[in-house]
Structures are given as C-alpha cells and as structure tokens.
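Listed here are the chains, written in short residue letters.
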Amino acid sequence: MKQENWNNPKAKEWKSQELSQGRVIDYKAFNFVDGEGVRNSLYVSGCMFHCKGCYNAATWSFKAGIPYTQELENQIMEDLAQPYVQGLTLLGGEPFLNTGILIPLIKRVRKELPTKDIWSWTGYTWEELMNETDDKLEMLHLIDILVDGRFDITKKNLMLQFRGSSNQRIIDVQKSLSSKEVIIWDKLNDGETHFEQVSHHL
C-alpha cells in the first residue's frame, strides 16, 4: 500500500464539528448509480482523504457548494417517499465528516420512512470507524450499507460494483455490528464471473 495515494488520519484526528461547514455539493434525485435500486443521492462538501485520482475532487473543500437547508431536507423526504424509490445514498466529500447535518436527516428518514434503506460511502475503513468519534459511530449504527475505504488508484477496477478500487468493500452494517466482524453485502455482484478467483492473479 502506497501511503502517498491518500491522507491517513490518526484515530479521532478529524472531527466533523471542527471541519464541516454544513454544505452540500449536489443532490440527485431518482438515480440508479449510487447503490441498489432507484435512489436519492446527497453529496456533502468536504473531504480530508484527498485520494489520488479521485473522480470528485471538487468536493474536497468544506466551503464548496451551497448550505444544507430545511427546504432541501424537505425535498429529499418528499422524493424519498415515492413508492419506487428504494432509499437514500450519502456521498461526497466525506459523509462521516458531515455528521451534524446527516444524523438528523437519517433519524428523520428512520422515523418517517422506515422502509427505505440508507447507503453511505466513506474513505474510512470499517476498522478505523470502530475507533472513531462518537458521532461517526452513531451515524454508522443508523445506516444499512457502507462502502468503505479510500480510493486506491493502484487497485482501480472498472468491473467492480458500486466502487472504484478493489480494496473497497460493500458492507452490511447491521449484520456486521451484530457479529462484530465485517459481513459483505449478500447481493454483491462484480462484473466478471468468478471475479474473486481472477483478482488474486492480477
């Protein structure tokens, strides 16, 4: 693993309350690319990992984009209520460095639309999050699926489902929390048959 591909924080070094400006880069309703089914995707502003080759480097600044507002939240809830929408996806930027705006949104979804699922991407690994700040752990406990880990340009693979490099995992959060070990999403379906066998020889 080449350390220069990204920034590596110490445990609890990066704090949402110190970094987040409560801003978002974009909101995309009714898309098919950010997880399973039809989804509404919220892209938050700000990321400290700065992965080499990041496709969304415009989101790195915490001052980028526009303020997250109650009007936007209400729009997200209205869109999410549509029967054909499966769930909400949180991306960025780094969602776990924007917990101040995302935890209240997630709790509202859980209360008002409990059948919808919630996915989040993060540059943190699962193992790192286990040693992180209380707000990050609270947010993790509230979501269903986590795509974890920094993008590693040396492991880039276009055949992967919902992620850019082979070190990243699609994790079933609730099963993983219950079993105290990482449980991969049971619908994982990468682009090649027998992909796992092939990957070890690349």
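These remarks concern the structure in this document. No experiment lies behind these values; they were computed from the predicted model shown.

### Some remarks on the overall build of the protein
The helix and strand inventory of the protein stands at seven helices and seven strands. The order of α-helices and β-strands along the protein, N terminus first, is α-β-β-β-α-β-α-β-α-α-β-β-α-α. The C-alpha atoms of the protein give 16 Å as radius of gyration, which agrees with the globular expectation for 202 residues (17 Å, within 12%). Along the first, second and third principal axes, the C-alpha set of the protein runs to 50 × 35 × 30 Å. For the protein, the residues scored as buried account for 49% of the 202 residues in total. Long-range pairs, those at least 24 residues apart, make up 69% of the contacts in the protein between residues at least 6 apart in sequence.

### Some words on the environment of Trp6
Of note, Trp6 is situated in the segment before helix H1 (16-19). Exposure remark for Trp6: the relative accessible area of 6% places this residue in the buried category. For the pair Trp6 and Gly53, spaced 47 residues apart in sequence, the C-alpha separation works out to 9.7 Å. Separated by 2.9 Å, the side chains of Trp6 and Asn8 make a polar contact.

### Remarks on the nonpolar core
Within the largest apolar cluster, 40 residues are counted, with the highest numbers of intra-cluster contacts made by Leu42, Leu105, Leu140 and Leu146. Of all elements in the fold, only strand E1 (23-31), strand E2 (38-44), helix H2 (70-80), strand E4 (85-91), helix H3 (99-112), helix H4 (126-129), helix H5 (134-142) and helix H6 (173-179) reach the threshold of two or more residues within this core. Here this core gets six residues from one element, more than from any other, and that element is H3. Within the second largest apolar cluster, eight residues are counted, among which are Tyr43, Leu91, Ile170 and Trp185.

### Observations regarding the environment of Glu132
The residue Glu132 is located in the loop between H4 and H5 in this model. The class of Glu132 is buried, set by a relative accessible area of 3%. In this view, Glu132 contacts Lys10, Ala11, Lys12, Glu13, Trp14, Tyr124 and Leu137; residues no more than four positions away in its chain are not counted. Within the local environment of Glu132, its side chain forms a polar contact with the side chain of Lys136, the two groups lying 3.0 Å apart.

### Focus: the side chain of Asn56
Within the secondary structure, Asn56 sits in the loop between E2 and strand E3 (66-67). Asn56 sits in the buried class, given a relative accessible area of 15%. Polar side-chain contacts of Asn56 include one of 3.1 Å to the backbone oxygen of Gly92. Residue contacts for Asn56: discarding those within four places in its chain leaves Tyr43 and Gly92.

### Some details on the packing of aromatic side chains
On inspection of all chains with the given rule, the structure shows eight aromatic pairs. Ring geometry for Phe49 versus Tyr124: centroids 5.0 Å apart, planes at 85°, classification edge-to-face. With Phe49 in the loop between E2 and E3 and Tyr124 in the loop between strand E5 (117-121) and H4, the pair connects residues that are 75 residues apart, well separated along the chain. Where Trp119 meets Phe162, the ring centres are 5.5 Å apart and the plane angle is 85°; that geometry is what we call edge-to-face. Here Phe162 lies in the loop between strand E6 (145-148) and strand E7 (169-172) and Trp119 lies in strand E5, a separation of 43 residues in the sequence.

### Digging into H3
For H3, with 14 residues, the first-to-last C-alpha span of 19 Å sits near the 20 Å given by 1.5 Å per residue. Where H3 is concerned, the buried positions are Thr99, Ile101, Leu102, Ile103, Leu105, Ile106 and Val109.

### Here's the deal with unusual backbone geometry
Note on backbone geometry: most residues besides glycine have negative phi, and most peptide bonds are trans. With omega at 15°, the peptide bond leading from Gly92 into Gly93 counts as cis. With respect to the helices and strands, Gly93 occurs in the loop between E4 and H3. Within the chain, Lys12 stands out as a residue other than glycine whose phi angle is a positive 65°. For Lys12, a relative accessible area of 43% corresponds to the partly exposed category. Backbone geometry at His50 places phi at a positive 50°, although glycine is not the residue there. Along the chain, the position of His50 falls in the loop between E2 and E3.

Rules and cut-offs
Residues numbered from 1 in each chain as written. Predicted model: local features only at pLDDT ≥ 70, side-chain atom pairs only at ≥ 80, totals over all residues. Heavy atoms only, no water. Helix = DSSP H or I, 4+ residues; strand = E, 2+ residues; numbered from the N terminus. Rg over C-alpha atoms; globule rule 2.2 N^0.38 Å. Buried < 20%, exposed > 50% of the residue type's maximum accessible area, 1.4 Å probe, protein only. Contact = heavy atoms within 4.5 Å. Polar contact = N/O pair within 3.5 Å; in protein donor to acceptor, adjacent residues only side chain to side chain. Core = buried A, V, L, I, M, F, W, Y, C linked by side-chain atoms within 4.5 Å. Phe/Tyr/Trp six-rings, centres within 6.5 Å; stacked < 30°, edge-to-face > 60°. Expected span 1.5 Å × (residues − 1).

Any link to function would need more than the numbers given here.
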